[in-house]
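The chain contents come next:
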Amino acid sequence: MRTDGGTEGPRVDDPEAELLAAGALQEGSSGDLQVTPAFNEAWQSEIEDVKADEDANRAELVEVMGIDSEGDVELEAVDDAFRITIDGALIGSLESQAAFYADLAGARLLADRVDAWHDLPVADRSRLLKGLRLFLETCPACGTEVVFETETVESCCGSYQVAAVDCDGCGARLFESAPINEDALS
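Fair warning: this is a prediction, and the values are worked out from it, not measured in the lab. (Residues numbered from 1 in each chain as written. Predicted model: local features only at pLDDT ≥ 70, side-chain atom pairs only at ≥ 80, totals over all residues. Heavy atoms only, no water.)

Draft legend 1. Quick peek at the sheet that holds strand β9 (residues 158–167). Strand order in this open sheet of 3 strands is β8-β9-β10, and the pairing throughout is antiparallel. Edge strands, defined here as strands with exactly one partner in the open sheet, are β8 (146–155) and β10 (173–176). Averaged over all pairs of adjacent strands, the angle between their axes in this sheet comes to 35 degrees, without regard to strand direction. Both β9 and β10 contribute to a ladder of 3 bridges, which runs antiparallel. In the sheet register, Ala164 faces β10, and the bridge partner there is Glu176. (Pairing = 2+ DSSP bridges. Helix = DSSP H or I, 4+ residues; strand = E, 2+ residues; numbered from the N terminus. Axes fitted to C-alpha atoms, helices over the stretch in contact; angles between N-to-C directions.)

Below you can see the structure in the form of structure tokens.
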């Protein structure tokens, strides 16, 4: 994490390094990063709590996202996304409701483990949470194993490769990267 000494405040430059420092990730025997057993156990417990109380999630979400609003918060699955609106205005979306469960539970844990969590810009908090979701082993919605893969995504302007984490059981998308620059991979 860096600080710019005053007006800018703390920022996250390297989400993986921050998650390692927070004790959420560790290097496995293969050299790959993985969620620490202690963090994973706490994360799974928090996910179950999040799933159990939808009303509390709305208020907590407003706090996690740093939104100064007393408006009506709605959380809804729409097509292949999970939308967050306040008074009907779209303020954000996630890949799925399962991703929402993972992020809200992760935010609860990272608030106590990441220095200056509450001072971080919402975009940096989101980067940490999305980075954490990349390491999920089971789906927060159904408990089935997840699969990491690259795939081609079609849009109005063409097709492109993305890295994705999907649930094998319920099909929930848990993570999707920005388009992969295939020239950089060569």
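Draft legend 2. The arrangement of the pattern of salt bridges in detail. Under the counting rule described, the total for this entry stands at 9 salt bridges. We note a salt bridge from Glu151 to Arg173, for which the minimum N-O separation is 2.7 Å. With a gap of 22 residues between them, Glu151 in strand β8 and Arg173 in strand β10 connect regions that are remote in the sequence. When the shortest N-O distance is used, the salt bridge between Arg173 and Glu176 registers 2.5 Å. Residue classification places Arg173 among the buried residues on the basis of a relative accessible area of 15%. Within the structure, one salt-bridge network assembled from shared partners comprises Glu95, Asp103, Lys130 and Arg133. (Salt bridge = Lys/Arg side-chain N within 4 Å of Asp/Glu carboxyl O. Buried < 20%, exposed > 50% of the residue type's maximum accessible area, 1.4 Å probe, protein only.)

Draft legend 3. Geometry of the pairing of strand β6 (residues 81–86). As defined by bridge partners, strand β5 (residues 73–78) adjoins β6 across 6 bridges and the pair is classed as antiparallel. Considered in β6, the bridge of Glu74 is made with Thr85. Here β5 folds back onto β6 in antiparallel fashion, the turn holding 2 residues, of which Asp79 has a positive phi close to 50 degrees. If you look at the hairpin formed by β6 and strand β7 (residues 89–94), you'll find 2 residues sitting between the two strands, and Asp87 has a positive phi there, around 50 degrees.

Draft legend 4. Geometry of the nonpolar core. Grouped together as the largest cluster of nonpolar side chains are 44 residues, with contacts concentrated most on Phe39, Trp43, Phe100, Leu110, Trp117, Leu128 and Leu132. Apart from the residues within four sequence positions on either side, Trp43 is in contact with Val35, Ala102, Ala105, Gly106, Leu109, Leu132, Arg133 and Leu136. (Core = buried A, V, L, I, M, F, W, Y, C linked by side-chain atoms within 4.5 Å. Contact = heavy atoms within 4.5 Å.)

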